[in-house]
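Each chain, letter by letter, is given below.
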Amino acid sequence: MRDHAHPRQRPEEQLPSSVYCTVTLARVLAMPKNAQVIVRYGPYSSIGLSVEHRTYRLEGLLAVLAEDGHQVLLEKIEDWNVVELMVNGEVVFRCNIKDLEFGGSGKLDPLCREARTAVLNAY
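Keep in mind the model is a prediction, meaning the values are calculated, not measured.

### Brief notes about the pairing of strand β2 (residues 71-76)
Stage number 1. For strand β1 (residues 36-41) and β2, the ladder comprises six bridges, and the chain directions are parallel. Bridged to Val37 within β2 is Val72.
Stage number 2. In this fold, the crossover linking β1 to β2 by way of helix α3 (residues 59-67) has right-handed handedness.

### Concerning helix α4 (residues 110-120)
Stage number 1. Among the residues of α4, those classed as buried are Leu111, Cys112, Ala115, Ala118 and Val119. One face of α4 carries all of its buried residues, which in axial projection span an arc of 120 degrees.
Stage number 2. The inward-facing, buried residues of α4 contact β1, α3, β3 (82-87) and β4 (90-96).
Stage number 3. Where α4 begins, the capping side chain belongs to Asp109, and its oxygen is found 2.9 Å from the backbone nitrogen of Leu111.

### What to know about the state of the cysteines
Stage number 1. Per the stated rule, a full pass over the model turns up zero disulfides.
Stage number 2. Left without a disulfide partner, Cys95 is nearest to the cysteine sulfur of Cys112, which lies 8.0 Å away.
Stage number 3. On the basis of relative accessible area, Cys112 is assigned to the buried category, the value being 2%.

### Side note on the packing of aromatic side chains
Stage number 1. Tallied over the full model, the rule gives one aromatic pair.
Stage number 2. Note on Tyr56 and Phe102: the rings are 5.8 Å apart at their centroids and 35 degrees apart in plane angle, and the pair reads as tilted. Here Tyr56 is found in the loop between β1 and α3, whereas its partner Phe102 is found in the loop between β4 and α4, with 46 residues between them in sequence.
Stage number 3. Taking the ring centre of Tyr44 as reference, the NZ or CZ of Arg54 above it sits at 5.7 Å.

### Quick word on the nonpolar core
Stage number 1. Counting 20 residues, the largest nonpolar core has Val39, Leu58, Leu61, Val83, Leu85 and Leu100 as its most contacted members.
Stage number 2. Mapped onto this core, the elements with two or more residues apiece are β1, α3, β3, β4 and α4.
Stage number 3. In terms of residues, this core owes the most to one element, α4, which gives five residues.
Stage number 4. If sequence neighbours within four positions are ignored, Val39 has contacts with Leu58, Leu61, Leu62, Leu65, Val72, Leu73, Leu74, Glu75, Val83, Glu84 and Leu85.

### Re the pattern of salt bridges
Two side chains carrying opposite charge are able to pair once their charged atoms lie near each other.
Stage number 1. One pass over the full model with this rule turns up five salt bridges.
Stage number 2. Its salt-bridge partner being Glu75, residue Arg40 comes within 3.1 Å of it at the nearest N-O pair. Linking Arg40 in strand β1 with Glu75 in strand β2, this pair joins segments that are 35 residues apart in sequence.
Stage number 3. Given the relative accessible area of 21%, Arg40 is considered partly exposed.
Stage number 4. The salt bridge partner of Arg94 is Glu84, with a shortest N-O separation of 2.6 Å. Residue Arg94 is located in strand β4, and its partner Glu84 is located in strand β3; the two are separated by 10 residues in the primary sequence.
Stage number 5. Here Glu84 falls in the buried class, since its relative accessible area comes to 6%.
Stage number 6. Salt bridges sharing common partners tie together Arg40, Glu75, Glu84 and Arg94.

Reading the values: rules and limits
- Residues numbered from 1 in each chain as written.
- Predicted model: local features only at pLDDT ≥ 70, side-chain atom pairs only at ≥ 80, totals over all residues.
- Heavy atoms only, no water.
- Pairing = 2+ DSSP bridges.
- Helix = DSSP H or I, 4+ residues; strand = E, 2+ residues; numbered from the N terminus.
- Right-handed = clockwise from strand over helix to strand, strands pointing away.
- Buried < 20%, exposed > 50% of the residue type's maximum accessible area, 1.4 Å probe, protein only.
- Arc of directions from axis to C-beta.
- Contact = heavy atoms within 4.5 Å.
- Polar contact = N/O pair within 3.5 Å; in protein donor to acceptor, adjacent residues only side chain to side chain.
- Disulfide = S-S within 2.5 Å.
- Phe/Tyr/Trp six-rings, centres within 6.5 Å; stacked < 30°, edge-to-face > 60°.
- Lys NZ or Arg CZ within 6 Å of the ring centre and 35° of its normal.
- Core = buried A, V, L, I, M, F, W, Y, C linked by side-chain atoms within 4.5 Å.
- Salt bridge = Lys/Arg side-chain N within 4 Å of Asp/Glu carboxyl O.

Note that every value here comes from positions in space, so none of it alone points to a role or purpose.
Structure below.
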């Protein structure tokens, strides 16, 4: 049964305004745009060439992450055809490196958009 003499207050009305502003600001600051992202990538074969670690297919992904202001570190791994994005020690995105578009800005590559979203949602 609700007490109509004391209508329910929203959470921000229950706290002093200075406390609510601090909580809101802390929530905004907890989602840094310039996070450190580790891009782990494995070797792959390209058009009959030998299996090697190459970054050509990472160019669009790196551009998208850099555009958001993220600090990106590249790390070679031994798993063939794999790209993983790690944020705060957790893998937030994984795909086959051959599925990324070769070169370019990454803006039209759906996997780059998906990776960007995964990084932003990691916070």
